[in-house]
Amino acid sequence: MTREQYILATQQNSLPRTEHPQFYPVGIYGWRKRCLYFFVLLLLVTMIVNLAMTIWILKVMNFTVDGMGNLRVTKKGIRLEGISEFLLPLYVKEIHSRKDSPLVLQSDRNVTVNARNHMGQLTGQLTVGADAVEAQCKRFEVRASDSGKVLFSADEDEIVIGADRLKVTGTEGAVFGHSVETPHIRAEPSQDLKLESPTRSLVMEAPRGVQVNAAAGDLKATCRKELHLQSTEGEIFLNADTIRLGNLPVGSFSSSSSSFSSSSSPSSSAPRQTIYELCACPNGKLYLSPAGAGSTCQSSSNICLWS
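Analysis parameters
- Residues numbered from 1 in each chain as written.
- Predicted model: local features only at pLDDT ≥ 70, side-chain atom pairs only at ≥ 80, totals over all residues.
- Heavy atoms only, no water.
- Pairing = 2+ DSSP bridges.
- Helix = DSSP H or I, 4+ residues; strand = E, 2+ residues; numbered from the N terminus.
- Axes fitted to C-alpha atoms, helices over the stretch in contact; angles between N-to-C directions.
- pLDDT = per-residue confidence, 0-100.
- Contact = heavy atoms within 4.5 Å.
- Expected span 1.5 Å × (residues − 1).
- Buried < 20%, exposed > 50% of the residue type's maximum accessible area, 1.4 Å probe, protein only.
- Polar contact = N/O pair within 3.5 Å; in protein donor to acceptor, adjacent residues only side chain to side chain.
- Salt bridge = Lys/Arg side-chain N within 4 Å of Asp/Glu carboxyl O.

## Observations concerning the pairing of strand E4 (residues 111-116)
Line of reasoning, step 1. Pairing analysis gives six bridges linking E4 to strand E5 (residues 122-128), with the strands arranged antiparallel. Following the sheet pairing, Asn-114 is matched in E5 by Gln-125.
Line of reasoning, step 2. Connecting the antiparallel pair E4 and E5 is a turn made up of five residues, with Gly-120 showing a positive phi of about 85°.

## Comments concerning the sheet that holds E4
Line of reasoning, step 1. Strand order across the open sheet formed by three strands is E4-E5-E6, with antiparallel pairing between neighbours. Pairing within the sheet leaves two strands with one partner each, and these edge strands are E4 and strand E6 (133-136). Each strand axis lies, on average, 10° off the axis of its neighbour in the sheet, ignoring direction.

## A few points about the confidence of the model for the chain
Line of reasoning, step 1. Overall, the prediction assigns the chain a mean pLDDT of 76, with 77% of residues at 70 or greater.
Line of reasoning, step 2. Model confidence for the chain, summarised as mean pLDDT per element, is weakest for strand E11 (residues 262-263) at 44 and strongest for helix H2 (residues 31-60) at 92.
Line of reasoning, step 3. Of the regions scoring below 50 in pLDDT, residues 256-268 engages in 22 contacts with residues more than four places distant in sequence or in other chains.

## Looking at the pairing of strand E12 (residues 276-280)
Line of reasoning, step 1. Alignment of E12 against strand E13 (residues 286-290), held across five bridges, turns out to be antiparallel. Residue pairing for E13: Tyr-276 is matched across the bridge by Pro-290.
Line of reasoning, step 2. Linking E12 to E13, which pair antiparallel, is a turn of five residues; within it Gly-284 sits at a positive phi near 95°.

## Considerations on the sheet that holds strand E1 (residues 67-68)
Line of reasoning, step 1. Taken in spatial order, the three strands line up as E1-E2-E3 in an open sheet, and their pairing is antiparallel. With one partner strand each, in any of the chains shown, E1 and strand E3 (78-80) form the two edges of the open sheet.

## Brief notes about H2
Line of reasoning, step 1. With 30 residues, H2 ought to run about 44 Å at 1.5 Å a step, and its terminal C-alpha atoms sit 43 Å apart, in line with that.
Line of reasoning, step 2. One or two residues past the end of H2 sits Asn-62, with phi positive at roughly 55°.

## Side note on the side chain of Ser-153
Line of reasoning, step 1. Mapped onto the elements of the fold, Ser-153 is located in strand E8 (residues 150-154).
Line of reasoning, step 2. Ser-153 sits in the buried class, given a relative accessible area of 2%.
Line of reasoning, step 3. Within polar-contact distance, the side chain of Ser-153 engages the side chain of Arg-139 at 3.3 Å.

## What about the pattern of salt bridges?
Line of reasoning, step 1. For the structure on display, the rule yields four salt bridges.
Line of reasoning, step 2. A salt bridge links Glu-141 to Arg-143, with the nearest nitrogen and oxygen atoms 3.0 Å apart.
Line of reasoning, step 3. The exposure class of Arg-143 is partly exposed, given its relative accessible area of 47%.
Line of reasoning, step 4. One salt bridge in this structure joins Asp-164 and Lys-149, with 3.1 Å as the shortest N-O distance. With Asp-164 in the loop between strand E9 (159-161) and strand E10 (250-251) and Lys-149 in the loop between strand E7 (140-143) and E8, this residue pair connects regions lying 15 residues apart in the sequence.
Line of reasoning, step 5. Taking the relative accessible area as the measure of exposure, Asp-164 reaches 76% and is therefore exposed.
Line of reasoning, step 6. Taking the relative accessible area as the measure of exposure, Lys-149 reaches 38% and is therefore partly exposed.
Line of reasoning, step 7. A network of salt bridges, in which partner residues are shared, links Arg-139, Glu-141, Arg-143 and Asp-155.

Here's what the structure looks like:
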C-alpha cells in the first residue's frame, strides 16, 4: 500500500456517518407557483382573444391582398367602390369616377373644395351649400366641353359672356342697374321686344349710329310729354308712301274778317273744306290752313302768336 492510499483510507474512516441524509428543495412552491400558473393562463386567454378579434376584423373589413373592403390599392392609386364616408379632411391630387358611373359628392351640411399654393395660403374655394353655391377666386371661368371656348368668366373688373346668344326666359325680363354695351338686341321669333325704364330715362347711344328696324311689324314711339327728333349736323329724312300728321290744329279763314281760330277739327260754322295747306310757324309748329286761290298761310299766321 502506498502512502497516498493510506492517507485516503484513514480520512474516510475518520468522517462521521449519518443514517438520514438531508435534501434541500429547488424551485417555486406554494402561493408563488399558483400565481405563476394564473398569469400564464391569463396570458393564454388574452392571446386567444386577440387572435379571435384579429380574425373578426379581417373578416368584417374584408381584408384581401388587393386592399380592404371597397378600397382597392392599384398601380395607378387607390380605388373606392360604392359609398364612402370621410370624417376628416381629404387631401388628394385627382378624383375621378368610373367611365360608366357619375361622381357624387354628398354632405349633410355643405361641400367645400379648397385650393392652396405651396405656402399653404388659400387661393380658391368652392362651397356648395343648402342655400347657395359660392366661388371665391381671382377669376371664375366656365368653358365648353368640346372646344374649350370660354362661355362665362368673371373677375373684379368685368363679367364676360362668350356664348353666341344670351337668352333670358324670365317673365320680368332682365334688370340692369347700370349701362349695358351690346352690338345686337333681338327678341324671339313671334315675340315683342320691349326696352323699359319705369322711373328713369332710357338712353341708347352709339358713335356710328343707332338702328331700329321692324321688318314685319309696326314701330311705335309713345311718350307722355314731348317727343324730340334732333339732328345736329344732318337732316331728318322721312321716307314713306304716305306721311300722316294727326291732331294738327286747323286755322279757319274768313274773307269778311281777319279773325282766326284754332281747333282740333274744322269749325262747324265755316264751310267745310276738302283741301288744306300745311303751314309752319317760325317756332317750328305745324298747322293746317284752308286752301284757297292763293296761299293762306300768311293770312292765318296769327295762329302762331297764341298757339
